[in-house]
Every structure is written in C-alpha cells, then in structure tokens.
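Listed below are the residues making up each chain.
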Amino acid sequence: MQVYIGIDWSKSKHDICIQNAEGIILAEFCVPHSSEGFACLVERIRGLGATPQDCFVAIECSYTLLIDFLWANGFVHIWITPPNRVQAERKTRTSSGAKSDPGDAGIIADLVRTKRDLLQPWSPGSAILQRIQIQVRHIGNLTRDIVRQTNRLRDLLLRY
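Residues numbered from 1 in each chain as written. Predicted model: local features only at pLDDT ≥ 70, side-chain atom pairs only at ≥ 80, totals over all residues. Heavy atoms only, no water.

Observations regarding the overall build of the chain
Helix and strand counts for the chain stand at 5 helices and 6 strands. Going residue by residue from the N terminus, the α and β elements of the chain occur as β-β-β-α-β-α-β-α-α-β-α. Seen through its principal axes, the chain has C-alpha atoms that stretch 65 × 40 × 30 Å. Here the chain holds 160 residues, and the buried ones make up 33% of them. For the chain, the proportion of contacts with a sequence separation of at least 24, taken over those separated by at least 6, is 52%. Charged side chains in the chain number 19 positive and 16 negative. The centres of these two groups are separated by 7 Å. (Helix = DSSP H or I, 4+ residues; strand = E, 2+ residues; numbered from the N terminus. Buried < 20%, exposed > 50% of the residue type's maximum accessible area, 1.4 Å probe, protein only. Contact = heavy atoms within 4.5 Å. Lys, Arg positive; Asp, Glu negative; His and termini not counted. Charge placed at Lys NZ, Arg CZ, Asp CG, Glu CD.)

Topic: the environment of Gly140
Along the chain, the position of Gly140 falls in helix α5 (residues 127-159). What makes Gly140 partly exposed here is its relative accessible area of 22%. With 136 residues separating them along the chain, Gly140 and Tyr4 place their C-alpha atoms 34 Å apart.

A look at the pattern of salt bridges
A full pass over the atoms with the stated rule returns 8 salt bridges. Between Glu89 and Lys115 there is a salt bridge, with its nearest N and O atoms 3.3 Å apart. With Glu89 in helix α3 (residues 83-93) and Lys115 in the loop between α4 (101-114) and β6 (120-121), this pair connects stretches of sequence that are 26 residues apart. A relative accessible area of 12% means that Glu89 is categorised as buried. Several salt bridges share partner residues, and in doing so they unite Lys13, Asp15 and Asp101 into one network. (Salt bridge = Lys/Arg side-chain N within 4 Å of Asp/Glu carboxyl O.)

Comments concerning the packing of aromatic side chains
Using the criterion set out here, one finds 3 aromatic pairs in the structure. Consider the rings of Phe38 and Phe69, whose centres lie 5.5 Å apart with planes at 45°: the pair is tilted. In this pair, Phe38 is assigned in helix α1 (residues 35-47) and Phe69 in helix α2 (residues 65-72), connecting sequence segments 31 residues apart. Since its relative accessible area comes to 6%, Phe38 is described here as buried. Classification of Phe69 by relative accessible area gives partly exposed; the value is 22%. Plain terms: the ring middles of Phe56 and Trp79 are 5.9 Å apart, the flat faces sit at 20° to each other, and that makes the pair stacked. You can see Phe56 sitting in strand β4 (residues 55-59) and its partner Trp79 sitting in strand β5 (residues 78-80), a full 23 residues away along the chain. (Phe/Tyr/Trp six-rings, centres within 6.5 Å; stacked < 30°, edge-to-face > 60°.)

Quick look at the structure:
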C-alpha cells in the first residue's frame, strides 16, 4: 500500500500527515525532534501496513537529522518541498492563507501525492560529500564546546 507522508519540520517537533493514494488522511500526529520521536514515526507507518519502500515522503527542510534517520531506515523516496511552494499552495486552498503546522503537513503530503514532479528529490550524495558533512558538523560541535568551556572558565575566574 503506497502512502504519502508530509512533514512540516521545526527545530523541536514535526507535524506529520499520512495520506493514501486517493488523498484520504490516514493519520495526523506530531512527534518530537528526537530519536524516540523518529522511531515513533516509523512505528506509526508500519502500523498502517506500509513498508519504507511504499512511502513517498516530502519534508520542508533539506538537511535535518530526520532525513538522515529516514534514509538509514530504508525510506528512499524523499522529496524536498520549498517553504515558498507550501505558502503558495496554502493561498490557493484557504481564503485567509492562515498558517498552521498540521495544515502545512497536509499540504506537503498532498504535494508529494499529486505534484511530485515539481519537488526536488533528495539523495545523500557521494561518500566524499558525506564525509565532508560529518567533518563540518564535528567542527561545529567542537566550536560550541569551546565557547561553552570558555564561558565556564570566565565565570569561574570572575568568581575567584
């Protein structure tokens, strides 16, 4: 059974909408931005009787740990939905154009179901690109750690 999954991404949570081929909403829910939340998403999909190969996933953000998690768990049909595409689609569906995260997840699911050709397919890139991305993330983590340790040291010196 093919399902179409729209994910409205944010830093702390993700709103999810799952539709079938006819556009009927099978599930709408929210998961936290954590490994437990990502695992919950996969369990909900499996609970609907869908395998990762049956899922067509669209997400607003092109780089997030959620995409890495999905790719590592066998979800290979992933598209990136530009926020301006969602905004334009929202304006055609509602007179006010009011934004809601669950509503945007539904719009994204509908886009991947009906207008996939307008979306950018996602792939992890070459092995060298993946290594560079890992190193850049590591440098970012080290930089944040240096700032944190510097602030702690400064605080201790001021107390002394």
